[in-house]
Structure formats: C-alpha cells, structure tokens
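Fold and geometry: a report
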Amino acid sequence: MYSSSHQRMLHTGSKSIITWLILITIVLYTLYSSNIILFNNDQQDCSTSTTNLNDATQEKLQISTYNNTSSIRATNESLEKKKSLIKKRPRKDDDDDEEEEEEAHAEETNKEEEENKSPVVVRLTPKQMSGRQETKLKHIVFGIAASSNLWHIRKEYIKIWWRPKETRGVVWLDQKVRTLRNEGLPEIHISRDTSEFRYTNRQGQRSALRISRVVTETLKLGMKDVRWFVMGDDDTVFMVDNVVRILSKYDHRHFYYIGSSSESHVQNIHFSYAMAYGGGGFAISYPLAQELAKMQDRCIQRYPALYGSDDRIQACMAELGVPLTKEAGFHQYDVYGDLLGLLGAHPVTPLVSLHHLDVVQPIFPRMTRVRALQHLMESVNQDSGSIMQQSICYDKNNFWSISVSWGYVVQILRGVMSPRELEMPSRTFLNWYKRADYTAYAFNTRPVAKHPCQKPFVYYMTKTRYDSTTKQVVGIYSRDKSKSPFCRWRMNSPEKITSVVVTKKPDPLRWKKSPRRDCCRLLSSRKSSTTLYIWVGNCQEGEVTEL
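Residues numbered from 1 in each chain as written. Predicted model: local features only at pLDDT ≥ 70, side-chain atom pairs only at ≥ 80, totals over all residues. Heavy atoms only, no water.

**Side note on the overall build of the chain**
- On a plain count of helices and strands, the chain comes out with 15 helices and 19 strands.
- Taking all 547 residues of the chain together, 45% fall into the buried category.
- Of all intrachain contacts in the chain linking residues separated by at least 6 positions in sequence, the fraction that spans at least 24 positions is 68%.
- Total accessible area on the chain is roughly 29800 Å²; 51% of this is exposed by carbon and sulfur atoms. (Helix = DSSP H or I, 4+ residues; strand = E, 2+ residues; numbered from the N terminus. Buried < 20%, exposed > 50% of the residue type's maximum accessible area, 1.4 Å probe, protein only. Contact = heavy atoms within 4.5 Å. Areas by Shrake-Rupley, 256 points an atom, 1.4 Å probe, with all protein chains shown as cover.)

**Overview of the sheet that holds strand E3 (residues 187-190)**
- With mixed pairing, the seven strands of this open sheet are ordered in space as E3-E2-E1-E4-E7-E6-E8. Both outer strands of the open sheet, E3 and strand E8 (325-326), are each paired with one neighbouring strand and no more.
- Of the pairings in the sheet, the one linking strand E6 (residues 257-259) to E8 comprises two bridges and is parallel in character. Note that in E8 the partner of Ile 258 across the bridge is Thr 325. (Pairing = 2+ DSSP bridges.)

**Considering the pattern of salt bridges**
- Counted under the stated rule, the structure contains 24 salt bridges.
- We note a salt bridge from Lys 159 to Glu 156, for which the minimum N-O separation is 3.3 Å. A residue pair is termed a helical-turn pair when its members lie 3 or 4 positions apart in one helix, as Lys 159 and Glu 156 do in helix H6 (residues 151-161) at three residues.
- Exposure remark for Lys 159: the relative accessible area of 28% places this residue in the partly exposed category.
- Using a relative accessible area of 27% as the deciding quantity, one classes Glu 156 as partly exposed. (Salt bridge = Lys/Arg side-chain N within 4 Å of Asp/Glu carboxyl O.)

**Overview of the packing of helix H11 (residues 286-301) against helix H12 (residues 310-320)**
- Two elements in contact, H11 and H12, have axes whose closest approach is 10 Å; the angle formed by their N-to-C orientations is 110°. Taken together, the axis directions place H11 and H12 in an arrangement best described as roughly perpendicular. For the pair formed by H11 and H12, the contact residues are Leu 288, Glu 291, Leu 292, Met 295, Gln 296 and Cys 299 on the first element and Ile 313, Ala 315, Cys 316, Met 317, Glu 319 and Leu 320 on the second.
- The residue makeup of the contact of H11 with H12, split by class, is nine nonpolar, one polar and two charged. (Axes fitted to C-alpha atoms, helices over the stretch in contact; angles between N-to-C directions. Parallel < 35°, antiparallel > 145°, perpendicular 65-115°, else oblique. Nonpolar A, V, L, I, M, F, W, Y, C, P; charged D, E, K, R; others polar.)

**Observations concerning the sheet that holds strand E18 (residues 518-523)**
- Judged by pairing direction, the barrel is mixed, and its eight strands sit side by side in the order E11-E12-E13-E15-E16-E17-E19-E18 before closing back on the first. Between one strand axis and the next, the sheet turns through 25° on average, direction left out of account.
- Where strand E11 (residues 390-395) meets strand E12 (residues 400-405), six bridges bridge the pair, whose relative direction is antiparallel. Residue Ser 391 lies in a different strand from E12, and its bridge partner there is Val 404.

**Quick notes on the pairing of E11**
- Among the six residues of E11, six are classified as buried, and the element is accordingly described as predominantly covered.
- Of the two faces of E11, the one carrying Gln 390, Ile 392 and Tyr 394 and the one carrying Ser 391, Cys 393 and Asp 395 are both buried.
- Turn length for the E11-E12 hairpin, with the two strands adjacent in sequence and antiparallel, is four residues, and the turn residue Phe 399 shows positive phi of about 60°.

**Side note on the nonpolar core**
- Counting residues in hydrophobic clusters, the biggest one holds 73 residues, and the most contacted among them are Phe 142, Trp 161 and Val 500.
- Those residues in contact with Val 500 that lie beyond four places of it in its chain are Val 410, Ile 412, Tyr 459, Gly 475, Ile 476, Tyr 477, Leu 532 and Ile 534.
- Counting 29 residues, the second largest nonpolar core, distinct from the first, contains Trp 172, Leu 219, Ala 289 and Met 317. (Core = buried A, V, L, I, M, F, W, Y, C linked by side-chain atoms within 4.5 Å.)

**Overview of unusual backbone geometry**
- In this structure, Lys 165 is a non-glycine residue whose phi angle is positive, near 70°.
- Exposure remark for Lys 165: the relative accessible area of 89% places this residue in the exposed category.
- Backbone geometry places His 356, a non-glycine residue, at a positive phi of 55°.
- Using a relative accessible area of 12% as the deciding quantity, one classes His 356 as buried.

**Brief notes about the confidence of the model for the chain**
- On average, the chain scores 84 in pLDDT, and the residues at 70 or more come to 78%.
- Every residue in residues 1-8 scores below 50 in pLDDT, and together they form one contact with partners more than four places removed in sequence or on other chains.
- Here residues 36-101 is modelled with pLDDT under 50, and outside its nearest four sequence neighbours on either side it reaches 63 contacts, counting other chains as well. (pLDDT = per-residue confidence, 0-100.)

**Side note on the environment of Val 322**
- Residue placement: Val 322 occurs in the loop between H12 and E8.
- For Val 322, a relative accessible area of 9% gives the class buried.
- For Val 322 and Tyr 256, which are 66 residues apart along the polypeptide, the C-alpha to C-alpha distance reads 7.2 Å.
- When near neighbours in sequence (up to four residues on either side) are disregarded, Val 322 contacts Phe 255, Tyr 257, Leu 288 and Met 317.

**A few points about empty space enclosed by the protein**
- Taken as a whole and judged by the stated rule, the model has one cavity of 30 Å³ or more.
- Estimated volume of the largest cavity: approximately 40 Å³.
- For the largest cavity, the full set of lining residues is Leu 357, Val 360, Gln 361, Pro 362, Ile 363, Arg 369, Ala 372 and Leu 373.
- Considering only residue class, the lining of the largest cavity consists of six nonpolar, one polar and one charged. (1 Å grid on protein atoms, 1.4 Å probe; cavity = no way out; pocket = protein on both sides within 12 Å on 5 of 7 lines; lining within 4 Å. Points joined across faces, edges and corners; volume = space filled by probe spheres on them.)

Structural data, given as structure tokens:
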C-alpha cells in the first residue's frame with residue numbers, strides 16, 4: 001500500500017500532464033488552422049498563379065465566328081500564354097509543376113475539342129458587345145419559294161419590296177420561266193429534283209419537299225459575309241428595314257430559328273405552335289443553316305406524311321433541339337376578308353411581313369392588290385419602323401375615341417372606348433376555317449359594332465410627305481367614301497370631318513428602346529372645321545392615354 005503523501009504526488013503529476021497535453025493540442029490546432037505549419041508557401045503561390053491564369057484567360061477571350069480555324073488559332077494563343085505564366089511561377093518541386101502543366105494542357109485540349117464541335121466558343125463581354133458590328137441588310141440573304149405556274153402574277157409582289165443591288169437573295173422555281181432584262185427581280189434558280197424523297201400526304205403536294213430545301217440550297221450557293229437566311233413565299237411582302245431591325249437583336253453566331261405562328265388557332269393545333277409559318281417568313285442563323293444542311297435530307301426521309309414545307313423544317317429543328325423564337329411582326333395571315341381590323345390594331349412590334357395577299361381584300365379600297373401595297377410603301381419609305389404602329393387619343397370636347405394606325409388608317413368612333421378595347425383587333429376578317437367562330441383565333445379579338453352609332457369613321461392614308469422645315473412626316477388621311485349609317489345619338493358626329501392630318505417625326509431608333517405604344521394629341525387649328533389635326537410621337541413622362 002502506498003502512503004497518502006505518495007498518492008497526492010501521483011494525483012498532482014497526472015493533472016499537470018493532462019493540462020500540458022490540452023495546451024499543446026490547442027496550440028497545434030491554432031497553428032494548423034492559420035496555415036502556418038502546412039502548405040503555407042505553396043498555397044500562396046497557387047492562389048497567385050490561379051489569379052494570373054484567370055486574368056490571362058479573360059484577356060485572351062475574343063469574338064469567335066463559325067469558322068473553326070479562327071477558333072483554334074485563338075485557343076492556341078491562349079494556351080501558349082498560359083504555359084508561359086506557369087513557367088514563370090516560383091517553384092519548389094519540379095515534379096509538381098510538370099503535373100500541373102500536363103493538367104493545364106489536357107484541360108485546354110478538351111476545351112479545344114468542344115470548341116471545334118460548336119460554332120459558338122465564348123460569350124461576348126459587355127465591352128465586346130458594344131464594339132460588335134450590327135447586322136445590316138448586306139448580311140441577310142432571302143430565299144424565295146416560287147411556282148412557275150403563278151410566277152407572272154406573284155413576281156409583282158416581289159418587285160414591291162425588292163431593292164436591286166441592295167437586297168441579296170434567290171428565287172427558287174420548279175422549272176424555267178421567261179424573264180425580262182432589268183425587271184428588278186432577284187436571281188432565278190431551279191430547285192434540285194426531289195423525286196428520291198418519299199411523300200405520302202394525300203391532301204398536300206410534293207412541291208413541299210422542294211420548298212423545304214430552299215434554305216439548304218441557298219446556303220450551298222456559297223455566298224460570302226452571310227449572317228442570316230430569310231425564307232418567304234412569292235406572295236410574301238417584306239418590310240426590309242424591319243427585317244434588319246428584328247435580326248439585329250440576336251447574335252447571328254448562335255442557333256436561331258425566328259418566326260411566328262398562324263392567326264388561326266385551329267391551324268396551330270393541326271400543325272404546331274412551335275412552327276414558324278413559311279408564308280409569313282422565318283429567319284435561320286448561318287450556323288444553324290449549316291447544321292440543317294448536314295442532316296436535312298435524312299430528316300426529310302423520316303417525315304413523309306407531313307403536309308407542307310414549314311412543318312418539315314420544324315421537324316428538323318426539333319431533331320436539332322432548336323426552339324422557335326417568336327417575333328409577332330411576321331404575319332402568315334391565315335384569314336379571309338378585310339385586314340383593316342388586324343392592321344388597324346397592330347401589336348407593338350415592327351411590321352415585318354404580309355402574306356396571302358391573293359386571298360384577302362386589297363388593304364386600300366378601290367385599288368388593285370399590287371397598287372394598294374405600292375401605296376403603303378409611300379409611308380414605309382418615310383418611317384418604316386413606325387408603319388402600322390397604333391396610337392390612341394380622345395377628343396374631349398366631342399367625346400370621340402381616335403385610333404391612328406400610322407401610315408395606313410385613322411378611325412374615329414363616337415363615345416369613349418378604352419385603350420384595352422381599341423388595341424384589340426376588330427373582326428373585319430374571317431377565320432381560315434370559315435365554320436369556326438371567334439374562339440378559333442390565336443389572339444383576342446372584339447366584334448364589329450352592330451349599333452349604327454358605334455360604327456367607326458374610317459380615314460385611309462392618301463398622301464405622305466416629309467416637311468423639311470418642321471422635320472416631320474405629314475400624312476393626309478381621307479374619309480372612306482362608303483355611306484355612314486343614320487345615328488339617333490344627340491352628340492357631334494365625326495361625319496363632318498372629311499380629312500385628318502397626322503404629323504410625326506421619324507423615329508429610326510424607336511426599337512432600340514423598350515416597346516411602348518406612341519401617344520397622340522389633338523392639335524387646335526382654325527384653318528378648317530372639316531379637318532382634324534393630330535400629332536403622333538413618343539409619350540412624355542407621366543403621359544397616360546385617358547379621357
């Protein structure tokens with residue numbers, strides 16, 4: 001047995017040992033967590049090197065094109081600079097640096113392989129975006145699908161919008177036609193024979209196979225400096241400047257399939273809401289056209305039962321995984337009758353195209369279809385970005401509602417109709433499926449007024465000119481000659497107004513800003529009691545369309 005004093009010494013010694021162990025543990029933990037013992041120098045070097053590598057990578061990022069050669073050259077230059085930076089690092093262990101260099105090389109090799117597979121290499125920085133050259137008309141090529149049977153009629157529509165020596169494009173026909181010199185038309189090419197492809201749709205025509213290959217055949221012509229291919233029919237009329245405005249919003253080096261759906265809900269259900277209708281026109285970026293050309297013939301063989309050309313294009317886009325980017329300014333116009341309701345309440349977006357012009361009535365009464373479109377181009381030439389853009393205002397003294405579709409028509413209605421109703425197209429037209437009612441449209445509509453006092457007074461554009469003194473476009477709109485129904489309402493009638501003068505400053509940059517409907521105001525004038533003067537332009541701060 002130990003004595004009590006000896007036991008106290010053992011107890012005290014064990015306590016001191018435990019205390020020292022705890023203190024040593026705390027010190028070691030503190031040193032370890034502050035990186036004083038482990039990896040102190042190496043970690044500092046690595047962080048510095050990583051920063052340098054990231055900086056070097058940012059400096060070497062450049063705008064890539066769909067040309068793989070330029071992509072590889074940029075990648076090689078970036079790799080060489082990275083290697084030089086790695087060599088300049090302070091090193092303690094040669095083996096570690098060799099491994100890191102090999103890893104960097106392997107990483108760059110993988111990146112290079114990925115870049116070669118895709119036409120898009122990097123995203124543009126804001127600085128690069130600001131320096132990027134905007135898309136212009138010279139960068140766009142039109143592919144026009146046409147038929148030799150209707151060429152003598154449909155070529156007149158092409159003449160309306162085609163600009164010789166400015167626009168680029170090709171008309172694709174099924175067989176040769178007689179042509180005249182200096183007719184102001186694009187080049188004519190004959191489509192390749194498509195008899196090798198199967199077509200089993202009993203309601204359609206085999207020409208759909210030929211037309212579906214228009215973009216691919218246009219690509220194979222090898223035109224230089226092309227960013228976009230725009231396809232349309234021979235009865236499609238394009239607003240060329242607005243085509244440029246729309247496509248300028250998108251990076252042409254990415255995959256884009258741009259167009260719009262049909263006005264008919266039934267059509268969209270039968271075909272697809274994801275399909276761009278070829279009559280209204282659609283645009284395909286150059287890299288996407290390249291990918292389409294590689295696989296389209298195989299793709300066509302897989303869909304022999306489809307009806308038309310545009311649904312075959314959409315089927316191939318689905319296989320490529322590219323969705324439709326919708327732009328409401330492309331108009332298929334799968335309707336019959338009068339386009340007044342649609343064009344008088346155009347959505348707040350540039351008017352890009354008109355289609356089915358042989359089916360609908362002339363857009364201006366008492367004119368041929370071709371002459372009516374030529375007349376519209378007088379306004380388009382003055383301010384193409386504002387054509388058909390609606391503005392709404394009120395005559396507070398007479399309690400009239402006024403809707404201006406710039407460059408086309410002015411409508412005056414008795415009473416107060418809200419902007420929510422006026423911006424909705426009135427059903428002056430019929431559905432593509434004539435038995436269908438108003439629920440068969442792919443957008444909201446309002447009925448044509450049946451009450452005689454609610455019938456609009458319509459004033460069509462008769463003349464447009466530019467006033468160099470005021471730097472404004474002056475449009476004169478004359479009342480339609482059709483007789484107005486008798487109205488019993490005890491209020492002033494717009495019938496006394498025989499013409500409307502609309503003044504507006506051209507606004508070529510309006511679509512660079514966020515979309516907004518123009519405002520309009522009535523101008524006081526003592527010149528004539530039968531003429532109404534209206535100003536149209538950008539809304540001021542705090543301005544609201546209200547009575």
